[in-house]
Protein chains: 4
Amino acid sequence: MAMVCLSDFEAYAKKYLPKIVWDYFAAGADDCTTRDENILAYKRIRFRPRMLRDVSVMDIRTKILGSEISFPVGIAPTGFHQLAWPDGEKSTARAARAMGTCYIASTYSTCTLEEIAAAAPGSLRWFQLYIHRNRAASQQLVQRAEAMGFQGLVLTADLPYTGKRRDDVRNGFRLPPHMKVKNLERAFEVCKMSLLDPSVTWNDIYWLQSLTRLPIIIKGILTREDAELAVRHGVQGIIVSNHGGRQLDEGPATIDALAEVVEAVRGRVEVYVDGGIRKGSDVLKALALGAKCVFIGRPALWGLAYKGEEGLQDVLRILQDEFRLSMALAGCARVSEIGQHLIQFSKL
Amino acid sequence: MAMVCLSDFEAYAKKYLPKIVWDYFAAGADDCTTRDENILAYKRIRFRPRMLRDVSVMDIRTKILGSEISFPVGIAPTGFHQLAWPDGEKSTARAARAMGTCYIASTYSTCTLEEIAAAAPGSLRWFQLYIHRNRAASQQLVQRAEAMGFQGLVLTADLPYTGKRRDDVRNGFRLPPHMKVKNLERAFEVCKMSLLDPSVTWNDIYWLQSLTRLPIIIKGILTREDAELAVRHGVQGIIVSNHGGRQLDEGPATIDALAEVVEAVRGRVEVYVDGGIRKGSDVLKALALGAKCVFIGRPALWGLAYKGEEGLQDVLRILQDEFRLSMALAGCARVSEIGQHLIQFSKL
Amino acid sequence: MAMVCLSDFEAYAKKYLPKIVWDYFAAGADDCTTRDENILAYKRIRFRPRMLRDVSVMDIRTKILGSEISFPVGIAPTGFHQLAWPDGEKSTARAARAMGTCYIASTYSTCTLEEIAAAAPGSLRWFQLYIHRNRAASQQLVQRAEAMGFQGLVLTADLPYTGKRRDDVRNGFRLPPHMKVKNLERAFEVCKMSLLDPSVTWNDIYWLQSLTRLPIIIKGILTREDAELAVRHGVQGIIVSNHGGRQLDEGPATIDALAEVVEAVRGRVEVYVDGGIRKGSDVLKALALGAKCVFIGRPALWGLAYKGEEGLQDVLRILQDEFRLSMALAGCARVSEIGQHLIQFSKL
Amino acid sequence: MAMVCLSDFEAYAKKYLPKIVWDYFAAGADDCTTRDENILAYKRIRFRPRMLRDVSVMDIRTKILGSEISFPVGIAPTGFHQLAWPDGEKSTARAARAMGTCYIASTYSTCTLEEIAAAAPGSLRWFQLYIHRNRAASQQLVQRAEAMGFQGLVLTADLPYTGKRRDDVRNGFRLPPHMKVKNLERAFEVCKMSLLDPSVTWNDIYWLQSLTRLPIIIKGILTREDAELAVRHGVQGIIVSNHGGRQLDEGPATIDALAEVVEAVRGRVEVYVDGGIRKGSDVLKALALGAKCVFIGRPALWGLAYKGEEGLQDVLRILQDEFRLSMALAGCARVSEIGQHLIQFSKL
């Protein structure tokens, strides 16, 4: 089976992963409307491609928070990579480094952040965290991440409680006994989502800032109001995200929310987006609408499920090639040439 | 089979109820366009969820006409509950009481209103009525309801004649001989819909008010003009309803009509809505658009069909949990924080 | 099989008519987009029903060109009724009379207009005609129709050439040898569509007026410009029609064109509509948008195919009952109460 | 099997061509969204047909760049006709001449342009070219085309790199060894797309003009900005095209882009369109929106696959008949009567 596009990896993962694992990765909240809308919303956007521009030398590099990446696609934080591939997040980190891009490691990794750092020394890595009821535990994680050379902290804002994912309830999903949420082992005897603190507010950003010199990126913003609050509270970046449609169902598709957030932010901080990226041209659309970079979630897991580090590199390479080609066919030779002039919203 | 969401109960009821009963409960008028639109219209509405609000203590209680209910979901009036469960409306009344919410008992119950009252003493109950050609019969029902402690009268306005439900015509639906429309036994020798009076007008509200001190809620309003008339005629509440799509087909979905009615009413009376509620987030949408409370019809019958009183409690508990979670994920800790700012109509 | 709604008759006809005949009746031009749009466009229109109006006494009679009909549904001109039922147009005429409505007999009938007149003496009938290259033949038809007591002349304007109906081409459709286009037998040796005159213009209306004192109704108008021309040329009525989607494919659905024509006409002549009527509520929509009456084409043929005169009466009676019920449920007791206030175009 | 409409030829070709060839002709880029939108966009456009105009004498001829064609449908440049029929482009040229229309021969023909010219002497032919890295090769092609009597040069602007057509990648599509891209044999040892020059800009139009007196038509324009640039750089014509959806996926359907280009051009040069033409009424829509002529790509290949020259004539004759009939049914007797007044964009 030739792996030509990302849906080939999806089909592979669906076929070869245990059903309970596939269901967990694929799950959306409730009716999965938002999960599916993330993809459909991209399809409703039309390009306005320009012709006869010199695209003989293509430069698809960009920078996020000052660090160069080889193309504007990073790895979004998702949990439990060992469910997809034995080496888990260590493979993910290696693939991201090999492809010259950024990996956001999740708190809910099945490797420790120290293992992840050791697997891909010198690479660009951010660390994703929740704020726990036990603030000392969160503080410890922040300090370990900073010590291990992670270069950004991604605070997930959209999970005061876990969304209702019907298949996971039906399947009684839980980590198999031989896997652990290792980052939290030292801090808690038992890892439970309910250890997350639903009383977190914007003021906790200040507390977080007091713990670290790392830039803080807030993940899960979908409205102009919250984008404005994020900027005012001094974050360095915003990831427009709906947690892959796994939290509140029937919120907006992320690509639809992006323009609103970008407009509110007015360039004061960087804006990124995740959710629904399946083709290089989706990346081009996100950048044209103002994103500095996109992050992929499920496609990275499919790549891992296919062939671990190598499979994830395949996924990234396909996106890279497709992105470069879309740029050229739209008439852009450099990322800086991408802009809203490339976009025409579909009448449908 | 795990009962995870309301459609699980629907599937159960469809599988285990006699076809003629399922068809009767499921029936919509003509092409069933409005019945189905009630559901589809909710799916077209998008949330604008807010992040990093303190949702650690959730309070989902509300009040309708001054009475507190544990969450803003009541039981809409539907007929013939014995078709779903032997104890019929007595089970319904008990489940509503157990869950701390309001039950609107139908004139077309298979238990008397006295039996219903006795089954759940002290609970919040309203009584639904039609105006009969024989006004004395209606008067008697009003007085019995008031005597039995029902706390509101719900006048159904959208049934001067019964809608055309093709499956019921094909099936020759009628109540089995061992069931009776008991509320009407004393008043009529034979129960026929045609005993309803199609000459009823707004002035009959005054007549109804002259019979009782109970608040009057009018059910079946879909336009601003009728909402204004309802307020002027002194009703205490309006239920935006299209009778579950069983009367005039191709009228508006209730959630689409709600905003228009709420705007016309300008807070002078309470507005409720029924039709198409299938998830906790639907409740949140209805409240965000101005409803004080929603009422469920068919899902209550599915719950009864599953396990009687207990099954209906399951249905209500799922809605309650889903509603609480949706609120939290949208950034609201109290019902009073829900508002139109949470809503963005989908471009689709 | 209970005949509950018009699609039951459609299913019957599809099952029992010879395929070539079914295909001929069902045919639309090219991709059949307009044929299907005629129906879909009705489904996109939403009612704004009004409550608590006295609908105890329903009056659904109306008048067209001064003649009373029992309800606002007539029979549109369609050809070759013997293909559906041995007695052909004689049965159609009898059914229309029995139901107290108007029948527009087609030039392309398999009975002569004299036979049709004799089958239902005293009934309201109009005669549909084309203008032939041989004007004497058209003149003769006009004079026979007037002599036989037809009370209106319906000039079809949308068939300078016959539309391309793929199935008819594939099937090689032609009348079986034992049937004849009897109205034309005297005038032509062979009946061919190509005898129709594609050079006809608005001035030919004057010529037609010079031949007869009958009112002239023009059929096939879809734009405000042509509606204005029709009024200026002195016609008495306009039938908004696209020939059942059998002529130019991808023109407008008739119910979508109706409002434009009604607005242009400003009450100077009566406006009718055909195409896509399948339920009583469709009739209500057409009247709410300004039609004085609707005409049914294919459903009449399905009725004939079911049981001849009796079957067509069944079809008309169902439409009558559904129309009366829709009116009542929308809050109208008389046809004169129907108006644009009942309509809300769907957001979809 | 009767060949009644173009989809009959499509079905034939799909059934009888080798899968790899069918896939190559059918291929669209990525998800094939734009390929399919080209067709769907036509279906969303509604006519406003006019009645009672004299359409007894129909004249469907038009002129492109001063040359008369028998009806406004030409043959778009597509590659590798020998894959469809042994005689390849020679058959195409003969069919176009027989039908009195224009054939745009592709650089990627399997016959030389000399063979094509010899096959249909005296016919209206344009030559399509890319600009190669080796400019001398392009220059030679231009000069050969001019010498062989081609009357226009069509510069394809939308292929700096080849689009990603997944099926071709999966199938490993390449020309079978016994076929050659003959036009390029003299210039290159090996024919590779990568010989195309992705550094081409608008200034290269001037270089092309310096080589030839032939009019230059630019193909692949989709925006008003590029249309303006094309006019300013002195081209004689613009083909609104997205390369059949084979280059950048999720750009606009060509019929949707046409109006924008026509408006920008303001009559200064002729505008044509290709992509998605499947019926005579599509041609009428394109002309109503301002195209001077349309070009068909895949349908021509289906015609060749059916019966070579004769099959392509069948395809063209069907389009011609359908176009003439649509015009007449819309009320136009001459091409000059076609205009934007015939069009109403669908509410869908």
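Bear in mind that the values here come from a model prediction, so they are computed numbers and not experimental data. All residue numbers refer to position in the chain's written sequence, counted from 1. Chain A is the first chain written and ligand 1 is the first ligand written, with later ones labelled in order. Two thresholds apply to this predicted model, a pLDDT of at least 70 for residue-level local features and 80 or more for giving and counting side-chain atom pairs, whereas whole-chain, interface and lining totals are computed over all residues. Note that water and hydrogens are dropped before the side-chain values are worked out from all heavy atoms of the structure.

K.L.:
Help me understand the environment of V261 of chain B, please; the structure alone is not making it clear to me.
P.N.:
Residues and elements named next belong to chain B. Secondary structure elements are defined from DSSP: runs of H or I of at least 4 residues count as helices, runs of E of at least 2 residues count as strands, and each element is numbered from the N terminus. Inspection of the secondary structure puts V261 in helix α10 (residues 254–265). Among the residues examined, V261 registers a relative accessible area of 0% and is labelled buried. With ten residues separating them along the chain, V261 and V271 place their C-alpha atoms 7.9 Å apart. Throughout, a residue-residue contact means that at least one pair of heavy atoms, one from each residue, lies within 4.5 Å. In contact with V261, not counting residues within four places along its chain, are I221, L222, T223, A227, I238, V240 and V271. Three labels apply to residues, based on accessible area from a 1.4 Å probe with only protein chains included: buried if under 20% of the type maximum, exposed if over 50%, partly exposed otherwise in between.

K.L.:
Help me out: how do you make sense of the relation of the copies chain A and chain D in this one?
P.N.:
Two copies of one chain are present, and they are related through a rotation about an axis combined with an axial shift. Copies are brought into register by a least-squares superposition over C-alpha atoms of residues with pLDDT of at least 70 in both. For the pair chain A and chain D, the relating rotation is 90°, the translation along its axis is 0.0 Å, and the fit reaches an RMSD of 0.0 Å. This pairing of chains is accounted for by a four-fold axis. With a heterologous cut-off of 20% or less, the 3% of interface residues of chain A that recur at the interface of chain D puts this contact in the heterologous class.

K.L.:
Is there a simple way to explain the relation of the copies chain B and chain A in this structure?
P.N.:
The transformation that overlays chain B on chain A combines an axial shift of 0.0 Å with a rotation of 90°, and the residual RMSD is 0.0 Å. Taken together, the interface assignments show that only 3% of the residues at the interface of chain B recur at the interface of chain A, consistent with different surfaces on the two copies.

K.L.:
For this particular structure, what's the right way to read the interface of chain B and chain A?
P.N.:
It is common to report an interface's size as the accessible area lost on association of the parts. Taken together, the 34 residues of chain B in the interface contact 39 residues of chain A. Once two parts are joined, some of their accessible surface, as seen by a 1.4 Å probe, is lost; buried area is that loss totalled over both. Between chain B and chain A the total buried area reaches about 3,000 Å² when both faces are included, carbon and sulfur atoms providing 56% of it. The largest contributions to the chain B side of the interface with chain A come from M51, L52 and L329 of chain B, which together make up 24% of the buried area. When a carboxyl oxygen of Asp or Glu is within 4 Å of a side-chain nitrogen of Lys or Arg, the pair counts as a salt bridge. On inspection of chain B and its partner chain A, the count reaches ten salt bridges. In this structure, D226 of chain A and R50 of chain B form a salt bridge, with 2.9 Å as the shortest nitrogen-oxygen distance.

K.L.:
I'm lost on the pairing of strand β9 (residues 237–240) of chain C in this one. Help?
P.N.:
As a general feature of sheets, a regular strand has side chains that alternate between the two faces. Residues and elements named next belong to chain C. Here β9 shows no split at all, with G237 and I239 on one side and I238 and V240 on the other all buried. For strand β8 (residues 216–221) and β9, the ladder comprises four bridges, and the chain directions are parallel. By the bridge assignment, I217 is partnered in β9 with G237. Orienting the strands away from the viewer, one traces the path from the first strand over the helix to the second; a clockwise path indicates a right-handed crossover. The β-α-β motif built from β8, the intervening helix α10 (residues 224–232) and the parallel element β9 has right-handed crossover chirality. Strands are treated as partners if at least two bridges between them are detected by DSSP. As paired elements, β9 and strand β10 (residues 270–274) share four bridges and run parallel to each other. Paired with G237 across the bridge in β10 is E270. In this fold, β9 hands off to helix α11 (residues 254–265), which returns the chain to β10; that crossover is right-handed.

K.L.:
Can you help me understand the arrangement of the chains in this one?
P.N.:
Nothing in chain A touches chain C; the tightest C-alpha to C-alpha distance between them is still 11 Å. With respect to C-alpha atoms, chain B approaches chain D no nearer than 11 Å, and the pair has no contact.

K.L.:
Even after reading the chapter, I still don't get the interface of chain A and chain D, so can you show me in this structure?
P.N.:
Counting from both sides, the interface comprises 34 residues of chain A and, opposite them, 39 residues of chain D. Between chain A and chain D the total buried area reaches about 3,000 Å² when both faces are included, carbon and sulfur atoms providing 56% of it. When the buried area of chain A at its contact with chain D is split by residue, M51, L52 and L329 of chain A rank highest and sum to 24% of it. The interface formed by chain A and chain D contains ten salt bridges. Here K43 of chain A makes a salt bridge to D31 of chain D, at a shortest N to O gap of 2.9 Å. Pairs of N or O atoms within 3.5 Å make up the polar contacts considered here, provided that, within protein, one atom can donate a hydrogen while the other can accept it, and that residues adjacent in sequence are counted only when both atoms are side-chain atoms. Linking chain A with chain D are 16 residue pairs in polar contact (both at pLDDT 80 or more).

K.L.:
Can you walk me through the side chain of D249 of chain B in this structure?
P.N.:
For D249 of chain B, the location among the structural elements is in the loop between β9 (237–240) and α10. With a relative accessible area of 1%, D249 of chain B lands in the buried category. From its side chain, D249 of chain B meets the backbone nitrogen of D31 of chain B in a polar contact 3.1 Å long. A polar contact is formed between the side chain of D249 of chain B and the backbone nitrogen of C32 of chain B, at a distance of 3.4 Å. The contact partners of D249 of chain B, leaving out residues within four places of it in the chain, are A29, D30, D31, C32, T33 and T34 of chain B together with F47 and K279 of chain C.

K.L.:
I would appreciate a short explanation of the UniProt feature "active site" (unreviewed entry) in chain A in the present structure.
P.N.:
All names here are of chain A. Here, the residues flagged by UniProt with the feature "active site" (unreviewed entry) are H243. Tracing the chain through its elements places H243 in the loop between β9 (237–240) and α11 (254–265). Judged by relative accessible area, which is 14%, H243 ranks as buried. Among all residues touching H243, those that are not within four sequence positions of it are Y130, T156, D158, L159, R165 and K219. UniProt positions are given in the numbering used here, feature names are shortened, and annotations may be inferred rather than shown by experiment.

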